[in-house]
Amino acid sequence: MMEPATAQDWFLRKHEDGHIFGPLPFAQLTRWASSAQVAPHDVVSADQVTWVKAPMLPELGMDWLVEVTTERFYGPTTLGAIQEFMRLGEINGETFVINSCDGSKRRVSEMPLVLSQNEEDAAAADDEPSTGPAATGMAIDVQDRIRDLEQSLREERRALQEAEERYRALELKYRELAQRL
């Protein structure tokens with residue numbers, strides 16, 4: 001029988017630079033995931049032989065996708081990381097998030113982000129060395145965001161133009177019918 005994830009020591013390998021952290025208790029890995037220190041492309045392992053993407057470990061709770069634009073998402077990530085992105089100003093209360101487990105979509109402002117660590121967790125974190133990975137931002141490329149917004153603007157202008165053309169055609173038909181009466 002396999003040991004539960006929470007009973008094992010873990011290693012975290014960062015996607016950006018391949019740096020490995022560990023061995024570390026699962027509780028520490030969970031705290032890192034909740035503080036945006038574990039990114040969606042980072043991998044974890046209990047034996048440094050078999051690595052899986054961090055979101056594949058259900059116990060980490062990386063169940064949320066952040067809707068950066070209507071076509072771009074960040075995640076999966078944790079509720080704690082979402083709270084950290086709010087604190088950093090990368091997202092706001094109007095940003096939509098999707099629960100990847102049940103497919104529900106809601107605004108961050110509608111989320112129960114009451115994630116303050118209890119004193120026991122905070123005390124445990126103070127006892128551990130602070131050699132963890134840096135918090136990971138969503139790294140939204142401003143140029144990509146500008147391109148997305150420009151594309152949306154073009155689509156909205158095209159839709160407006162089509163609506164105005166339909167309105168003119170209907171108005172013309174109306175005048176023709178009104179003249180017949």
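Reading the values: the criteria
Residues numbered from 1 in each chain as written. Predicted model: local features only at pLDDT ≥ 70, side-chain atom pairs only at ≥ 80, totals over all residues. Heavy atoms only, no water. Pairing = 2+ DSSP bridges. Helix = DSSP H or I, 4+ residues; strand = E, 2+ residues; numbered from the N terminus. Axes fitted to C-alpha atoms, helices over the stretch in contact; angles between N-to-C directions. Contact = heavy atoms within 4.5 Å.

**Q** Residues and numbers for the sheet that holds strand 8 (residues 105-107), please.
**A** Here we have 4 strands laid out as an open sheet, ordered 6-5-7-8, and antiparallel in their pairing. Edge positions in the sheet fall to strand 6 (72-77) and strand 8, since each of these pairs with one other strand and no more. Strand after strand, the sheet turns through a mean of 30° between neighbouring axes, direction not considered. As defined by bridge partners, strand 5 (residues 64-69) adjoins strand 6 across 4 bridges and the pair is classed as antiparallel. Paired with Thr69 across the strands is Arg72, a residue of strand 6.

**Q** Can you tell me about the sheet that holds strand 1 (residues 9-13), naming the residues and giving the values?
**A** Taken together, the 4 strands give an open sheet; going across it, the order is 2-1-3-4, and neighbouring strands pair in antiparallel fashion. Of all strands in the sheet, those with a lone pairing partner are strand 2 (20-25) and strand 4 (52-53), marking the two edges. With 2 bridges joining them, strand 3 (residues 43-45) and strand 4 adopt antiparallel strand pairing. For Val44, the partnering residue across the bridge sits in strand 4 and is Val52. Relative to strand 2, helix 1 (residues 26-34) is tilted by about 125°, and along the sheet it contacts strand 1, strand 2 and strand 3.

**Q** Got a sec to walk through unusual backbone geometry? Specific residues and values, please.
**A** For the bond running from Gly22 to Pro23, omega is 5°, close enough to zero to count as cis. With respect to the helices, strands and loops of the structure, Pro23 is situated in strand 2. Gly75 connects to Pro76 through a cis peptide bond whose omega is 5°. One can find Pro76 in strand 6. A positive phi angle, close to 65°, is found at Ala36, a residue other than glycine.

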